[in-house]
Amino acid sequence: MAANTTYFFTSSIHRFIPLLQNDALKLIIIQSWQYLIEKKLISLYGYVIMPNHIHILWALKKEFEKESPAEQFSKFTAHAFKKYLYTYHPEQLEKFKTVKADREYQFWKRDPLAIPISTDDIFIQKLDYIHHNPIKEKWSLSKYPEDYRWSSANFYETGIDEFNIITHYRDSF
């Protein structure tokens, strides 16, 4: 992923297990984004945390020689998920056990989707897609997009950013 490019990024939980139904694990994701924003590594324009995947619109602020923000995000959240499950839900931790040589557990599917956004119209289309994900019949997580706490839809509707992580896209384009 290139610096100063906005991406539609999707990452899914390994085997689509609904790990992210747990609000404590959603907060780990939020904390990871807060860290990346505080370190001026990313701008986050939109997001939704679903039971087994996430969608975000974000831009990388600079080029990276070692770990990209996507890699830092995956690594941090995986370690935090492992620690949380080990402490509070060890029976769930076993669902993520792997035989891979480089890890004991795998929480995120390999190769997340990262699509560069080339036009304002595509950006708005992806933001609408993100915000309407929780109200789809398949999920039925809320009646209205802005009622789903784990999305940026409320920010774009009311201006309230509960987690202080959103940069309004109009401020950057």
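Relevant structure appears above.
Structure report, in brief. All residue numbers here refer to positions counted from 1 along the written sequence of the relevant chain. Local features in this predicted model are restricted to residues whose pLDDT is 70 or higher, and side-chain atom pairs enter the listing and the counts only when it is 80 or higher, whereas totals over whole chains, interfaces and linings include all residues. Each side-chain value is worked out from all heavy atoms of the structure, with water and hydrogens disregarded.

1. Focus: the overall build of the protein chain
Condition: Helix numbering and strand numbering both begin at the N terminus, where a helix is a DSSP run of H or I of at least 4 residues and a strand a DSSP run of E of at least 2. Taken over C-alpha atoms, the radius of gyration is set against a globule rule of 2.2 Å times the number of residues to the power 0.38. Exposure classes here rest on a 1.4 Å probe applied to the protein chains alone. A residue is buried below 20% of its type maximum, exposed above 50%, and partly exposed in between. The protein chains shown are the only cover counted for residues, whose accessible areas, like all others here, come from Shrake-Rupley with a 1.4 Å probe. For the purpose of counting charges, residues Lys and Arg are taken to be positive, whereas Asp and Glu are taken to be negative. His and the chain ends are not included. One atom stands in for each charge, and that atom is NZ of Lys, CZ of Arg, CG of Asp or CD of Glu.
The helix and strand tally for the protein chain stands at five helices and four strands. Listing the helices and strands of the protein chain from first to last along the sequence gives β-α-β-β-α-α-β-α-α. A compact globule built from 173 residues would reach a C-alpha radius of gyration of about 16 Å, and the protein chain, at 16 Å, matches this within 12%. Relative to its 173 residues, the protein chain shows a buried fraction of 46%. About 9700 Å² of surface is accessible on the protein chain, with carbon and sulfur atoms providing 50% of the total. Taking the average location of the 22 positive side-chain charges in the protein chain and that of its 21 negative ones, the two points are 6 Å from each other.

2. Focus: the side chain of Ser 142
Convention followed: Residues adjacent in sequence count toward polar contacts only when both atoms are side-chain atoms; beyond that, a polar contact is any pair of N or O atoms within 3.5 Å, and within protein one must be able to donate a hydrogen and the other to accept it. What makes two residues a contact is simply this: any of their non-hydrogen atoms within 4.5 Å.
Tracing the backbone shows Ser 142 in the loop between helix 4 (120–132) and helix 5 (153–158). A relative accessible area of 16% places Ser 142 in the buried class. Reaching out from Ser 142, the side chain makes a polar contact with the backbone oxygen of Tyr 144 at a distance of 2.9 Å. The contact partners of Ser 142, leaving out residues within four places of it in the chain, are Pro 134, Ile 135, Asp 147 and Tyr 148.

3. Re the packing of helix 1 (residues 23–38) against helix 2 (residues 69–88)
In plain terms, the rule: Axis geometry follows a simple rule: fit a line to the C-alpha atoms, using only the stretch in contact for helices, then measure angles between N-to-C directions, giving values from 0 to 180 degrees. If you view the pair so one helix is near and one far, a crossing is left-handed when the near helix is turned anticlockwise from the far one by less than a right angle, and right-handed when it is turned clockwise. Note on residue categories: nonpolar means Ala, Val, Leu, Ile, Met, Phe, Trp, Tyr, Cys or Pro, charged means Asp, Glu, Lys or Arg, and polar means any other residue, Gly included.
The interhelical angle for the contact between helix 1 and helix 2, taken along N-to-C directions, is 145 degrees, at an axis separation of 10 Å. Relative to helix 2, helix 1 is oriented so that their crossing is right-handed. The residues of helix 2 that touch helix 1, namely those facing Ala 24, Leu 25, Ile 28, Ile 29, Ser 32, Trp 33, Tyr 35 and Leu 36, are Pro 69, Gln 72, Phe 73, Phe 76, Thr 77, Ala 80, Phe 81, Tyr 84 and Leu 85. The class makeup of the residues in the contact of helix 1 with helix 2 is 14 nonpolar, three polar and no charged.

4. Overview of the packing of aromatic side chains
Our working rule: Stacked, edge-to-face and tilted labels apply to pairs of Phe, Tyr and Trp rings (six-membered ring for Trp) whose centres lie within 6.5 Å, assigned for plane angles under 30 degrees, over 60, and everything in between, in that order. Placement of a charge over a ring requires the Lys NZ or Arg CZ to be within 6 Å of the ring centre, with the centre-to-atom vector within 35 degrees of the ring normal.
Under the defined criterion, the tally for this structure stands at 15 aromatic pairs. The interplanar angle of 45 degrees and the centroid separation of 5.1 Å between the aromatic rings of Phe 9 and Trp 58 together place this pair among those described as tilted. Here Trp 58 lies in strand 3 (residues 53–60) and Phe 9 lies in strand 1 (residues 6–12), a separation of 49 residues in the sequence. Among the aromatic residues, those joined into a cluster by ring pairs are Trp 33, Tyr 47, Phe 73, Phe 81, Phe 96, Tyr 105, Phe 107 and Trp 108. The ring of Phe 8 is capped by Lys 126, whose NZ or CZ atom sits 4.8 Å from the centre of that ring.

5. Looking at the environment of Tyr 35
Among the secondary structure elements, Tyr 35 is positioned in helix 1. Relative accessible area serves as the criterion here: at 44%, Tyr 35 is assigned to the partly exposed category. Put simply, Tyr 35 and Ile 165 are 130 residues apart on the chain and 9.6 Å apart in space, counted from C-alpha to C-alpha.

6. Observations concerning the pairing of strand 3
Across a regular strand the side chains alternate sides, sitting on one face of the sheet and then on the other. What counts is decided by this rule: Two strands are said to pair when DSSP picks up at least two bridges between them.
The buried fraction of strand 3 is high, at eight of eight residues. Neither face of strand 3 is exposed, since His 53, His 55, Leu 57 and Ala 59 on one face and Ile 54, Ile 56, Trp 58 and Leu 60 on the opposite face are all buried. The pairing of strand 1 with strand 3 spans seven bridges and is classified as antiparallel. Within strand 3, the position partnered with Phe 9 by the bridge is Ile 56. Judged from the seven bridges that link them, strand 2 (residues 42–49) and strand 3 form a sheet pairing that is antiparallel. Bridge pairing links Leu 44 to Trp 58 in strand 3. Linking strand 2 back to strand 3 in an antiparallel pair, the connection comprises three residues.

7. Remarks on the nonpolar core
How we decide: We define a nonpolar core as any set of buried Ala, Val, Leu, Ile, Met, Phe, Trp, Tyr and Cys residues linked to one another through side-chain atoms lying within 4.5 Å.
One finds Trp 33, Tyr 47 and Phe 81 to be the most contacted residues of the largest nonpolar core, which totals 50 residues. At the level of secondary structure, the elements contributing two or more residues to this core comprise strand 1, helix 1, strand 2, strand 3, helix 2 and helix 4. Those residues within four positions of Phe 81 in sequence are excluded, and the remaining contacts are Ile 13, Leu 19, Leu 20, Leu 25, Ile 28, Ile 29, Phe 107 and Trp 108.

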